[in-house]
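Here is what each chain is made of, one letter per residue.
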Amino acid sequence: MSKTIKLEHITKIEGHATLTVSIDNGQVRKCELGSVEGSRYFEGLLKGRKAYEAPEITSRICGICSCAHTICSIHAVEAALGIKPTEQTMLLRELAMIGERIRSHATHLYFLALPDYLGFESAIDMSAKNKKEVDRALRLVKLGNEIVTTIGGREMHPVSMQVGGMLKLPSQEQVDELRRKIQEAQDDSIATAKLFASIKCPKFERETEYISLSDGINYPMLTGELVSKSSRFKKEEYKQFLEEYHEQYSSSNFVVKSDRPYMVGALSRLNNNYRFLSKNAKKIVTDARIKFPITNPFMNNFAQGVELVHYINRGIEVCRKLAIKEEKPIEVKFKKGRGVGIIEVPRGILIHEYEMNEKGDITAANIITPTCQNLLNMQHDIKHYLPSLLKMSEQRLILEIEKLIRSYDPCFSCSSHFLRVKWEK
Amino acid sequence: MAKEKPAVGFYDLTGCNGCLLSFLFNEDEVLEMARHFDIKTFRFIKEVKEEKQFDIVFMEGLVACNSDLEVLKEVRSKTKTLVALGACACTGCIPAYRNFIDSSKYVAMVYEKAREMKDVQPVPINKHVQVDYYIPGCPPDKKQILEFMKDVLLGKKPNDYDKPVCFECRLNENRCLLDDGKMCLGPMTRGGCNSVCTNGKLECWGCRGPMPDANMAVMSKLLEQKGFTKDQVRQRMRTFFGMMIETPPEPKPIKIKPEKKAKKIKKAAKPAKKKAAKRLKKAAKPAKKAKPKKTAKKMVKKQKKAAKTVVKKTAKKTVKRIVKKTVKKAVKKTAKKTAKKAVKKTVQKAVTKKTQPTSKPAQQPAQQQAPEQLKNNSKKSFLSMLKGRFKK
């Protein structure tokens, strides 16, 4: 008996995607997951633009992680021009990223993932019976937004962050205020992590390669090298290890490392950097009697919960370190060069690479988003997970697959907007 | 509650989901709003979709592929009121900037085999269907979306903000960024954003689109005086609202040129290959190979030239029109002083033309006429198009 399952519009994820699966005698013959969004060719749009314009343009790639794109883009330009931002700038960038991480994780965990597990259709439905949880989520989102707004000037597509530094600095009072607010959110973050520790994940294990940044000092965010269990390489060398290719059914690319899928995201970060977590975050993990590394992709949700606790702690630490002093952005002097920026964003590692000429015009650009990197791994997971589901009703089966996809927190609007583009010179 | 809740749909075409998120980021009010509206569809956070009839649909994103177009047309036929949410839907935003790029520079691509993805020319949604309201901005101010929804509940006609960014920027007591030598488009850009970018000391990029009476020519001149080149200024203006001030060169860039080029070269290359198979390694051969290539190149060059002249001509025409129609005063002054008048006029015109859509949208017969209107629209001058877009 053969049948084909086609999920036309997968809901509760960012962007549009379809999944086509065909099963023949209990064997999965075909499994294609791809983005169906229109392409936006951002890499093409960057050509001929000044390097300092890139952050403003690439921020539009994604609404939910616009800070991440802005900062990654800034890092790539700075790497190309040899600019070293000051410590204060780096701390402010990290704080903005923490704000974004908090709101992104909260949005995903409560609005996109949790309704599946509690048996609701949506968070709006959920708010009738589980008001406590929904309110908590909204508090966390609000905190994240306040952090990003204080530093970046706006919740989305931040305005104050520029190549070389900050156009406008928050005042010390604002930073202190933020610290107070982050402290208040500690209970919420712990409650979130505990909630997701208590949720029963489907039993499914599949080992893959887990890649994340790691700088050997802190839990990774803006700095470090790319690491996995078996390899370690510098940011600039990413092209030697990661390879992009394209499939007909998807408007986003796929990325492989030596022809094999790998995973990025909260789970990878935790698998590689567990020891750098804050005390509170570690306590959550030991209390739940969970040991990292974990190979169950559904546990990505729990990993995000743990990260939420960690980033709240780290946010307080960064606020403490910050003693705002007046400084102007470092002046930009153009030169010919190539620069790679790789940072950890909510869904994994984000890569921006630009080449520019001596006038500062971008001549080539390459951007790889986390979801592109996870896409193939998701497919493989679905392939392995499906045979155990075949006895279920079709509705149940689809829900289970959707759960799996959602646990990755994919962002298809990000992923589909890059096509590998060959530049003609 | 005796009163029926308005049926609402939130849709997203190709875009970044940022505008819908902006709505959700009204953390304190979003649940309250969800109670007052009957949210039928919201793919981003909702599994179930009931796509029967809507009173209002908020549409995010722009049309960039065939499926976008299908969704858009279907939704238009099911809703009484269509609201373009965010810069992509209103002006095309950055994704539509692609229309102005010489694709031959970057397109011959690895993406070649996936032609079936069916890209269409990226355009704001009002190029395909009639739009009743616009909430501009990249992203739109979250309070502005809330304000709009409140107006709907109260049966009030939502208002457009009719002053340029400069107005709010002054109220916020910011230092003028033009004086600092930055390429700020604030004087000609529609406000309502509380000058959020200039508050953060970033120059205005014009994400909310130009004012209906914006004087591009003077703005451009002003910036040239500040030391920017004409190209830089044009590039900047095209980034967020290029589709509103110019008609991009037609034959759509992505497909046509590379395909023709590829075909010609292939045809030419085939016989050469056969000969190679026969091991004819003579000096004459490369010459044979080269000839067709040259012709192909020439073809491409000709096409390029033709495209360029078209652009030049249309650009000149539009510039002439603007100069004629708007008074040649400093941009700031005109923007402030004439803004009110112009908007009043357009409002009056619009009111006489249409009934108010949100309060009793069902009586609106304009929907069926939409396609013809649009056809006419595309032929009109850019300024009248502008007015048409912002008319309420």
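First, a word on scope: everything that follows refers to the structure included in this document. Everything numeric in this text was worked out from a predicted model, so none of it was measured.

### Observations regarding the overall build of chain B
Stage number 1. Of regular secondary structure, chain B possesses 14 helices and 7 strands.
Stage number 2. For chain B, the residues scored as buried account for 43% of the 392 residues in total.
Stage number 3. For chain B, the proportion of contacts with a sequence separation of at least 24, taken over those separated by at least 6, is 82%.

### A word on the sheet that holds strand β2 (residues 38-42) of chain B
Residues and elements named next belong to chain B.
Stage number 1. Read from one edge to the other, the open sheet built from 5 strands follows the order β2-β1-β3-β5-β7, with strand pairing classed as parallel. Only two strands of the sheet have a single partner each, and these edge strands are β2 and β7 (133-135). For this sheet, the mean inter-axis angle between neighbouring strands, taken without regard to orientation, is 20 degrees.
Stage number 2. Direction of pairing for strand β1 (residues 7-12) relative to β2: parallel, over a ladder of 4 bridges. Across the sheet, the residue bridging to Val 8 is Ile 39, located in β2.

### What to know about the environment of Lys230(B)
All names here are of chain B.
Stage number 1. Structurally, Lys 230 can be placed in helix α9 (residues 230-245).
Stage number 2. Each C-alpha atom of the pair Lys 230 and Leu 171 lies 30 Å from the other, and the pair is 59 residues apart in sequence.
Stage number 3. Beyond its immediate stretch of four places on either side in the chain, Lys 230 contacts Ser 220 and Glu 224.

### Description of the pairing of strand β3 (residues 54-60) of chain B
All names here are of chain B.
Stage number 1. Most of β3 sits out of view: 7 of its 7 residues are buried.
Stage number 2. Here 5 bridges tie β1 to β3, and the two strands are oriented parallel to one another. Paired with Tyr 11 across the two strands is Met 59, which belongs to β3.
Stage number 3. Bridging between β3 and strand β5 (residues 79-85) involves 6 bridges; their strand directions are parallel. Bridge pairing links Phe 58 to Val 83 in β5.

Parameters and conventions
- Just so you know, the residues in each chain are numbered from 1, in the order the chain's sequence is written.
- To label them, take the chains in the order written and letter them from A, then take the ligands in the order written and number them from 1.
- Where totals are concerned, whole chains, interfaces and linings use all residues; where local detail is concerned, this predicted model gives features only for residues with pLDDT of at least 70, and gives and counts side-chain atom pairs only at 80 or more.
- Where helices and strands are cited, they refer to DSSP runs of H or I of at least four residues and of E of at least two residues respectively, numbered from the N terminus.
- Exposure criterion: with C-beta atoms placed from backbone coordinates, a residue whose C-beta has 20 or more other C-beta atoms within 10 Å is buried, one with 12 or fewer is exposed, and one in between is partly exposed.
- Whether two residues are in contact depends on their C-beta atoms, placed from the backbone: they are in contact if these lie within 7 Å.
- A pair of strands counts as paired when DSSP detects no fewer than two bridges linking them.
- In this analysis, axes come from line fits to C-alpha atoms, helices being fitted only over the stretch in contact, and the angle between any two N-to-C directions falls in the range 0 to 180 degrees.

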